Each structure stands twice: as structure tokens, then as C-alpha cells.
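Residues per chain are reported as follows:
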Amino acid sequence: MGTEGMRKICVVGASGKLGQYMVRQCLERGYEVVGVCREQSVPKLAAFEGRMTVVPGPTNDPDVIRRAVDGCDGVLTVLVPWGVRQYASGTAQAVLDHARPGARLVFSCGWHITRDGKDRYSRLFILGVRIAAVLGRLVRAVQIDDQVEACRRVFDSDTRWTVVRGSTLKEGESEGLPVWSRHVGDPVLASDRTRRVDFALFMVAALTDDELVQEAPAIVGCRTPSALAHARGPASGG
């Protein structure tokens, strides 16, 4: 689907930092925007009042998602592993169930998600993920395994999906569209850093990039040392 076919976009998780960047970038492209966020987070979208439609409610509520994605050409979904009630997988399933046939579905997650098991992680990275998972369960705040389940459901679907796997996120001005590769561990990704605003940029750009349909790109900032070092070499996947 080209840019001319993309008119109305739903941003699921619109009130977070990544979500707000995506809302802003969609509006700048002239898209009609519908945002979904928890009712208590609606005030965070005050800067966009009158420029977008907000559907308040839990993003894992199928009825909330059904109303929000109605008529949308694309859906940008932040998969957040909150709580212990399958929030991420419930959100993903609701989007998969209710987005219109043929819609572009773009989901965000971290490098810890693997599609084919060929990603190569450092021992420190693996240890960090394990510690986060244990601590999250102990305080009943984060459920990383549920984010894994959410992405498994997306991978198994026959929709026009993309799962964008972000490296360590930093704040700051945009450096441009991140570069990507199919597997964590590829040299181009070694710097493990992306500006959050550029993560959003990649998500929004994926809406109209048919080469990313049913891909799970791992991204890194285009001006990081590893990206610059490989800029003149053979493409490693993206």
C-alpha cells in the first residue's frame, strides 16, 4: 500500500512517550489519527486536542480496540508488558481480531523478542532480561513473557504485520530513519542505541513500506558508530 492509500491511523498506547511521538508524526503526514489510552492518561494528549480522536480505555479491551480501529488503514501498537493480566497479548489479539482486512499493523517491542531463534545476545543482555522478568513478577508490575506471547500471536497471523524491535532508547533530537537488520547480533546493530523519536519515525514509515510486511526488523540509530561503520559495506538485512 502506498502513501496515497494511507489516510486514517490508529495509535494504540498513544499517551506514552513513544505513542506521542507517533501521533505527532502521523499528524505531520496529514493522517487522520485515532488514539487509544487508559482513561487516566487522556490528559497527556492535551497538546493534540482538536487534532485527533481519543478512545479512552484499556488497550486490551476488545470493544475499545474495535471502536478505535474502525475504518483505519493502519494501526500502530505499543506492546507494553504491564501487570500480570496478559495486557500485551490481549492488546495484540484485539488488534489482530478487529483491524480491517488488509490493514497495515505495526507493533513495537524490544530486542529480547526473537522470531526465528537466530538472534545472538550477549550474556549481559540475557541476564538483564531475566532479572527484569523476575523482578517484574515479584512486584506484579511487568510480564515480559506475555510480551513474548503477544509477538508469537502476531508472527502466527496472516495479517500485514511488522514487529519493530527497538534497541536501547535515548531521548534527544531526531538523527533520521534508523537502520535495521533481521537478527540481533549482526554487526550493524552493535551500538545498541536509538533515539526514541526515531523509533517512532521507523514505526510510522513502516506503514507504507511493503518490504517490511511480515518482517521483524531490529533497529539501531543511523548515526551510531556501528551503523556508520557499515554504511558503505554490504547490507546486513535492511
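Residues numbered from 1 in each chain as written. Predicted model: local features only at pLDDT ≥ 70, side-chain atom pairs only at ≥ 80, totals over all residues. Heavy atoms only, no water.

Participant: Help me out: how do you make sense of the packing of helix H1 (residues 17-28) against helix H6 (residues 196-206) in this one?
Facilitator: How two helices pack is summed up by the angle between their axes together with the distance between the axes. Interhelical geometry of H1 versus H6 gives an angle of 55 degrees and a closest axis separation of 9 Å. Judged by the angle between their axes, H1 and H6 are oblique. At the point where H1 passes H6, the crossing takes the right-handed sense. Seen from H1, the contacting residues are Lys-17, Leu-18, Tyr-21, Met-22, Gln-25 and Cys-26; seen from H6, they are Arg-196, Val-197, Phe-199, Ala-200, Leu-201, Met-203 and Val-204. For the contact of H1 with H6, a count of residues per class yields ten nonpolar, one polar and two charged. (Axes fitted to C-alpha atoms, helices over the stretch in contact; angles between N-to-C directions. Helix = DSSP H or I, 4+ residues; strand = E, 2+ residues; numbered from the N terminus. Parallel < 35°, antiparallel > 145°, perpendicular 65-115°, else oblique. Left-handed = near helix turned anticlockwise from the far one by under 90°. Contact = heavy atoms within 4.5 Å. Nonpolar A, V, L, I, M, F, W, Y, C, P; charged D, E, K, R; others polar.)

Participant: Hey, could you run me through the environment of Leu-169 in this one?
Facilitator: Within the fold, Leu-169 resides in strand S7 (residues 169-170). Given the relative accessible area of 26%, Leu-169 is considered partly exposed. Leu-169 sits 23 residues away from Asp-192 along the chain, and the two C-alpha atoms are 8.5 Å apart. (Buried < 20%, exposed > 50% of the residue type's maximum accessible area, 1.4 Å probe, protein only.)

Participant: Can you help me understand the environment of Val-179 in this one?
Facilitator: Looking at the secondary structure, you find Val-179 in strand S8 (residues 179-181). Placed 23 residues apart in sequence, Val-179 and Phe-202 show a C-alpha to C-alpha distance of 8.9 Å. Residues contacting Val-179, with those up to four places away along its chain left out, are Val-188, Ala-218, Ile-219, Val-220, Cys-222 and Ala-227.

Participant: What is the right way to look at the packing of aromatic side chains in this model?
Facilitator: The relation between two aromatic rings is expressed through the spacing of the ring centres and the mutual angle of the planes. Applying the stated criterion across every chain, the model contains one aromatic pair. With a centroid separation of 5.3 Å and an interplanar angle of 55 degrees, the aromatic rings of Phe-155 and Trp-161 are classed as tilted. Among the residues examined, Phe-155 registers a relative accessible area of 15% and is labelled buried. You can call Trp-161 buried: its relative accessible area is 0%. (Phe/Tyr/Trp six-rings, centres within 6.5 Å; stacked < 30°, edge-to-face > 60°.)

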